[in-house]
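Below, each chain spelled out in residue letters.
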Number of protein chains: 2
Amino acid sequence: MQTIRVETPSARYDVITGSGLISTLAPRIERIVGQLPRRVFVVTSPEIWALWGEAFAGSFAEAPIALFLAPGEGHKTLSSVEKLARQMAEAGGDRGSLLIAFGGGIVGDVGGFLAAIYMRGIPYVQVPTTLLSQVDSSVGGKTGVNLPEGKNLVGNFHHPLAVFADIAALGTLPDRELRAGLMESVKAAIIRDRTLVRFMEEHVNDVLGRDPKALEKVIAASIRVKAGVVNLDERENGLRMILNLGHTLGHALEQATHYKVLLHGEAVGWGMVAALHLAKERGTITSRQAERLESLIHLYGPLPPLKVRAAKLVAAAGLDKKNIGGVRRFVLPLGIGDAGVVQDVSAAELETAAEYMLARATELHA
Amino acid sequence: MQTIRVETPSARYDVITGSGLISTLAPRIERIVGQLPRRVFVVTSPEIWALWGEAFAGSFAEAPIALFLAPGEGHKTLSSVEKLARQMAEAGGDRGSLLIAFGGGIVGDVGGFLAAIYMRGIPYVQVPTTLLSQVDSSVGGKTGVNLPEGKNLVGNFHHPLAVFADIAALGTLPDRELRAGLMESVKAAIIRDRTLVRFMEEHVNDVLGRDPKALEKVIAASIRVKAGVVNLDERENGLRMILNLGHTLGHALEQATHYKVLLHGEAVGWGMVAALHLAKERGTITSRQAERLESLIHLYGPLPPLKVRAAKLVAAAGLDKKNIGGVRRFVLPLGIGDAGVVQDVSAAELETAAEYMLARATELHA
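Here is what the cut-offs are and how they apply
- The written sequence of each chain sets the order in which its residues are numbered from 1.
- To read the labels, note that chains go from A and ligands from 1, taken in the order they are written.
- Per-residue local features of the predicted model are confined to residues with pLDDT of at least 70, and side-chain atom pairs are confined, for both listing and counting, to 80 or more; whole-chain, interface and lining totals are unaffected and use all residues.
- Side-chain metrics rest on all non-hydrogen atoms present in the structure, leaving aside hydrogens and water.
- Note on conventions: DSSP H or I runs of at least 4 residues are helices, E runs of at least 2 residues are strands, and numbering of each starts at the N terminus.
- Remark: exposure states derive from per-residue accessible area (1.4 Å probe, protein chains only) relative to the maximum for the residue type, with buried under 20%, exposed over 50%, and partly exposed in between.
- Any two residues whose heavy atoms approach within 4.5 Å are treated as being in contact.
- For accessible areas, the Shrake-Rupley method is used with a probe of radius 1.4 Å. Any residue's cover is judged against the shown protein chains and nothing else.
- Only four residue types enter the charge count: Lys and Arg as positive, Asp and Glu as negative, with His and the chain ends excluded.
- Lysine's charge is taken at NZ, arginine's at CZ, aspartate's at CG and glutamate's at CD.
- Think of a salt bridge as a Lys or Arg side-chain nitrogen and an Asp or Glu carboxyl oxygen that are within 4 Å of each other.
- Delimitation of the domains relies on an automatic or database domain assignment.
- We define buried area as the total accessible area lost by two parts upon association, computed with a 1.4 Å probe and summed across both.
- Charged means Asp, Glu, Lys or Arg here, nonpolar means Ala, Val, Leu, Ile, Met, Phe, Trp, Tyr, Cys or Pro, and polar covers whatever is left, Gly included.
- Expected helix span is computed as 1.5 Å times (number of residues minus one).
- Polar contacts, as counted here, are pairs of nitrogen or oxygen atoms within 3.5 Å of one another; within protein the pair requires one atom able to donate a hydrogen and one able to accept it, and residues that are adjacent in sequence qualify only if both atoms are side-chain atoms.
- In this comparison the copies share one frame, found by least squares on the C-alpha atoms of residues holding pLDDT of at least 70 in both.
- Geometry of aromatic contacts follows a simple scheme: Phe, Tyr and Trp rings, the Trp one being its six-membered ring, pair when their centres are within 6.5 Å, and the pair is stacked under 30 degrees between planes, edge-to-face over 60, tilted otherwise.
- Sitting over a ring, as applied to charges here, requires NZ of Lys or CZ of Arg to be within 6 Å of the ring centre and within 35 degrees of the ring normal.
- Two strands pair if DSSP finds at least two bridges between them.
- A right-handed crossover is one whose linking path, passing over the helix from the first strand to the second, runs clockwise when the strands point away from the viewer.
- Fitted lines through C-alpha atoms serve as axes, helices being fitted only where they are in contact, and the angles separating the N-to-C directions of these axes extend from 0 to 180 degrees.
- In what follows, roughly perpendicular refers to angles from 65 to 115 degrees, roughly parallel to angles under 35, roughly antiparallel to angles over 145, and oblique to any angle outside these ranges.

Explain the overall build of chain A to me, using residue names and the numbers behind them.
Looking only at helices and strands, chain A features 14 helices and 11 strands. Taken along the three principal axes of its C-alpha coordinates, chain A extends 60 × 40 × 40 Å. When the 366 residues of chain A are sorted by exposure, 61% land in the buried category. The long-range share in chain A, meaning contacts at least 24 apart out of those at least 6 apart in sequence, stands at 75%. As displayed, chain A offers around 13300 Å² of accessible surface, 51% of which is attributable to carbon and sulfur atoms. Each charge sign in chain A was given a centre, from 39 positive and 38 negative side chains, and these centres are 3 Å apart.

If you want it as structure tokens, here you go:
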């Protein structure tokens with residue numbers, strides 16, 4: 001078991017990772033809040049609840065009230081949030097109630113946003129069950145939902161009281177989701193942790209074989225990167241943007257394929273391939289470094305084929321919410337284990353990078 | 001012109017009240033933010049924009065992008081917020097955009113909430129045009145919308161960069177709305193400012209006749225009360241609850257009449273009548289004080305007749321969002337110019353107070 005502290009100007013809490021957390025939640029939360037409030041709500045998906053509901057509820061004296069979010073990015077909407085808020089109101093939820101978001105990244109984002117706005121904010125706990133949500137989205141307080149115009153266009157910063165990342169939950173995770181989630185760990189390694197780069201290069205089989213020790217090591221290191229960055233830049237005014245490595249074209253890919261073809265991690269994986277190319281072209285990394293890091297990405301692949309035009313991706317990136325006043329902010333790797341943000345990436349450069357990425361996708365799936 | 005400083009742990013900004021602010025906004029905002037961002041959005045109502053749009057836009061080098069919220073509590077919903085957010089995204093709104101909420105309380109609550117969640121929060125300015133929103137809702141950072149289950153059940157704390165309360169805007173305010181808005185000033189006087197109690201008793205004709213000096217005095221004093229309380233208790237953990245004098249039964253009245261019969265201020269006016277009775281019964285004020293303060297309320301009436309049963313109001317008060325864990329928090333006046341929160345008001349006591357209020361309504365409209 002490992003504990004990573006998140007400490008920002010507005011919040012201080014622990015991310016705990018290890019095995020067997022789900023079945024021992026109530027006493028762990030009580031250690032933080034004192035007595036549990038009268039009403040505890042758990043926002044979850046029907047699938048997760050079917051698999052883990054009994055273990056989850058077991059540690060609570062009174063069973064939490066389960067609220068269900070149908071699976072899929074298509075339900076990450078304001079109207080889902082409204083439906084859940086109405087159910088909470090009907091069940092007597094008040095400002096002292098506690099919410100637990102128990103599931104993957106979508107459950108975490110929607111549940112966290114619900115907690116952020118229900119009665120102008122109630123406390124909540126994240127219990128992420130996918131690798132992606134454990135290493136990335138559950139840490140840092142970002143919550144939100146999509147609009148038809150783009151991903152995560154409405155949301156809030158609302159930190160949880162704690163995050164419990166139970167490695168045991170990954171046992172039931174489909175292989176494709178495991179590999180997709182590992183893309184965020186690859187990202188963490190590339191931007192901030194060259195030791196993790198090496199570890200992931202050398203332990204591919206252990207990690208993909210779900211060896212608990214190897215997984216805990218990768219997960220804890222990834223969370224440490226995320227927490228370290230968030231601690232320095234809570235509101236994404238500067239440094240925190242490096243966490244978006246691969247996300248500019250990643251989001252564009254997801255948008256252009258209507259969030260139906262690629263898992264988020266897969267889109268980020270391809271986006272990083274493009275970013276590495278752009279970095280090599282600019283000279284912030286050498287050809288050799290670019291090759292090494294792209295190989296690392298593919299070690300945790302296969303990334304799916306891509307059927308989209310580069311120009312469409314560039315256009316889709318135009319509404320990326322990380323652009324301030326139209327300037328294109330872009331995250332570039334600097335050597336191995338470092339990254340920076342540049343503001344002068346042109347549409348042409350972005351298109352070249354996208355072309356490279358699409359060509360690689362064609363090659364690898366030939 | 002008067003400037004009142006709001007200073008909380010999370011924000012520091014000025015509330016400016018005076019005449020002629022609407023037509024000089026751009027330079028005033030620039031004094032705060034430096035250069036105006038590329039995209040300035042104004043959330044407003046069609047009515048306000050028809051009356052004031054030209055004056056408003058006049059001081060901007062480039063006209064702000066107007067987004068319209070249809071009037072009425074029925075549009076204070078998450079789906080209105082979503083519609084506005086989509087329009088902002090389509091118009092290229094980004095994290096650096098500025099939003100101005102220009103209108104009454106509903107526009108301020110919806111516009112502020114939109115600013116709180118658009119791309120996880122963008123800066124905004126409040127330009128309240130009704131007395132109610134000038135003296136109350138525009139100050140303090142509370143934003144939100146209604147659910148069918150209750151008023152303001154979802155929202156956020158998000159402070160504006162500044163509030164500009166232009167007294168000139170009140171010239172076009174219907175008389176009934178003026179009187180309703182003054183109920184929040186009466187409330188401010190009762191809970192925190194005995195000098196304002198006296199002033200409002202002695203200057204009824206000046207205030208209702210919209211004498212600018214009298215209005216500015218009442219508005220500035222009311223804002224000062226609100227700001228003073230918010231400065232001490234930003235998140236409504238304790239003291240800030242005294243701002244809810246009259247609101248427990250006020251909200252219940254609005255809910256029971258489906259937000260169609262009473263203006264918010266009128267509901268609060270009646271709620272204060274009930275609270276004064278409860279306070280007198282408990283002995284926190286004398287009969288003489290209760291009579292004096294109730295007279296003050298009626299001086300700024302008439303409050304409309306009420307057709308609802310007391311039991312229904314008590315039930316409606318059960319879901320009031322100020323209740324934590326089922327305990328009934330209730331604001332009681334203490335003498336003249338002070339108030340406190342009690343937690344042990346029983347349903348029976350609440351019903352007695354509601355009965356008194358309903359009897360007074362019947363008497364006054366006999």
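Explain the pattern of salt bridges to me, using residue names and the numbers behind them.
Going through the model one piece at a time under the given rule, you end up with 34 salt bridges over all chains. Linking Asp136 of chain A and Lys226 of chain A is a salt bridge whose minimum nitrogen-to-oxygen distance equals 3.3 Å. Linking Asp136 of chain A in helix α5 (residues 131–137) with Lys226 of chain A in helix α9 (residues 212–232), this pair joins segments that are 90 residues apart in sequence. One salt bridge in this structure joins Lys187 of chain B and Glu184 of chain B, with 2.8 Å as the shortest N-O distance. Taken together, the residues span about one helical turn, with Lys187 of chain B and Glu184 of chain B both in helix α6 (residues 175–192) at a distance of 3 residues. The pair formed by Lys187 of chain B and Glu184 of chain B is uniform in burial state, with each residue classed as buried. In the salt-bridge network here, residues are joined through shared partners; they are Asp136, Glu184, Lys187 and Lys226 of chain A.

How would you summarise the domain arrangement of chain A if you had to cite specific residues and measurements?
Residues and elements named next belong to chain A. One can read the domain layout of chain A as domain 1 (2–172) and domain 2 (175–364). Between the C-alpha centres of domain 1 and domain 2 there is a distance of 26 Å. If you look at the interface, domain 1 gives 32 residues, while domain 2 gives 30 residues. The junction of domain 1 with domain 2 conceals about 2900 Å² of combined surface from both sides, 62% of it contributed by carbon and sulfur atoms. At the junction of domain 1 and domain 2, the tally comes to 3 salt bridges. Those elements that place two or more of their residues in the side of domain 1 that touches domain 2 are β1 (2–7), β2 (12–18), α5 and β8 (150–157). Counting residues per element, the side of domain 1 that touches domain 2 draws most heavily on α5, at 6 residues. Class assignment of the residues belonging to the side of domain 1 that touches domain 2 gives a composition of 12 nonpolar, 13 polar and 7 charged.

Outline helix α11 (residues 264–282) of chain A, supporting the account with residue identities and numerical values.
Residues separated by three or four positions in an α-helix point in the same direction, a consequence of the helix having 3.6 residues per turn. The first and last C-alpha atoms of α11 of chain A sit 26 Å apart over 19 residues, in line with the 27 Å expected at 1.5 Å per residue. Counting buried residues in α11 of chain A gives 16 out of 19 residues, a clear majority hidden from the surface.

Which residues make up the interface of chain B and chain A, and what are the values?
At the junction of the two partners, chain B supplies 37 residues and chain A supplies 37 residues. Buried area between chain B and chain A, both sides added, is near 3600 Å², and the carbon and sulfur share of it is 55%. Between chain B and chain A we count 2 salt bridges in total. For the pair chain B and chain A, the interface holds 11 residue pairs in polar contact (both at pLDDT 80 or more).

Tell me what's going on with the environment of Leu262 of chain B, and back it up with residues and numbers.
Considering the arrangement of structural elements, one finds Leu262 of chain B in the loop between α10 (247–256) and α11 (264–282). Contact partners of Leu262 of chain B, with chain neighbours within four places excluded, come to Arg176, Leu253, Thr257, Ala267, Pro304 and Leu306 of chain B.

So what's going on with the relation of the copies chain B and chain A? Which residues, and what values?
When chain B is brought onto chain A, the operation consists of a screw motion whose angular component is 180° and whose axial shift is 0.0 Å, with 0.0 Å RMSD remaining. These values place the two chain copies in the arrangement generated by a two-fold rotation axis. Looking at chain B, 100% of its interface residues are interface residues in chain A too, so the copies touch through the same face.

I'd love a proper account of the packing of aromatic side chains, names of residues and values included.
Scanning the entire structure with this criterion turns up 8 aromatic pairs over all chains. A ring pair is formed by Trp49 of chain B and Phe102 of chain B, whose centres lie 6.3 Å apart and whose planes are at 80°; its orientation type is edge-to-face. Residue Trp49 of chain B is found in helix α2 (residues 46–58), and its partner Phe102 of chain B is found in strand β5 (residues 98–103); the two are separated by 53 residues along the sequence. One aromatic cluster is present, formed by Trp49, Phe56, Phe60 and Phe102 of chain A through successive ring pairs. The positively charged end of Lys280 of chain A is found above the aromatic ring belonging to Tyr356 of chain A, 5.9 Å away from the centroid.

Got a sec to walk through the pairing of strand β5 (residues 98–103) of chain A? Specific residues and values, please.
Residue and element names in this part refer to chain A. Most of β5 sits out of view: 6 of its 6 residues are buried. Along β5, one buried face is formed by Leu98, Ile100 and Phe102 and the opposite face, lined by Leu99, Ala101 and Gly103, is buried too. The sheet contact formed by strand β3 (residues 40–44) and β5 spans 5 bridges and is parallel. From the neighbouring strand, Val42 faces β5, where its bridge partner is Ile100. When β5 meets strand β6 (residues 124–128), the two strands line up parallel, connected through 5 bridges. Paired with Leu99 across the bridge in β6 is Tyr124. In the classification by handedness, the crossover that spans β5, the intervening helix α4 (residues 105–117) and the parallel β6 is right-handed.

Explain helix α7 (residues 194–202) of chain A to me, and be specific about the residues and the numbers.
Every buried residue belonging to α7 of chain A is among Leu196, Val197, Phe199 and Met200 of chain A, and all of these are buried. For α7 of chain A, the N-terminal capping position is held by Asp193 of chain A, with its side-chain oxygen 3.1 Å away from the main-chain nitrogen of Thr195 of chain A.

Report on the packing of α10 of chain B against helix α13 (residues 310–317) of chain B, specifying residues and quantitative values.
All names here are of chain B. Across the interface, α10 lies against α13 with an axial gap of 8 Å and an inter-helix angle of 110°. With respect to α13, the axis of α10 lies roughly perpendicular. Here Thr248, Leu249, Ala252, Leu253, Gln255 and Ala256 of α10 come into contact with α13, specifically with Lys312, Leu313, Ala316 and Ala317. In the contact of α10 with α13, the residues fall into 7 nonpolar, 2 polar and 1 charged.

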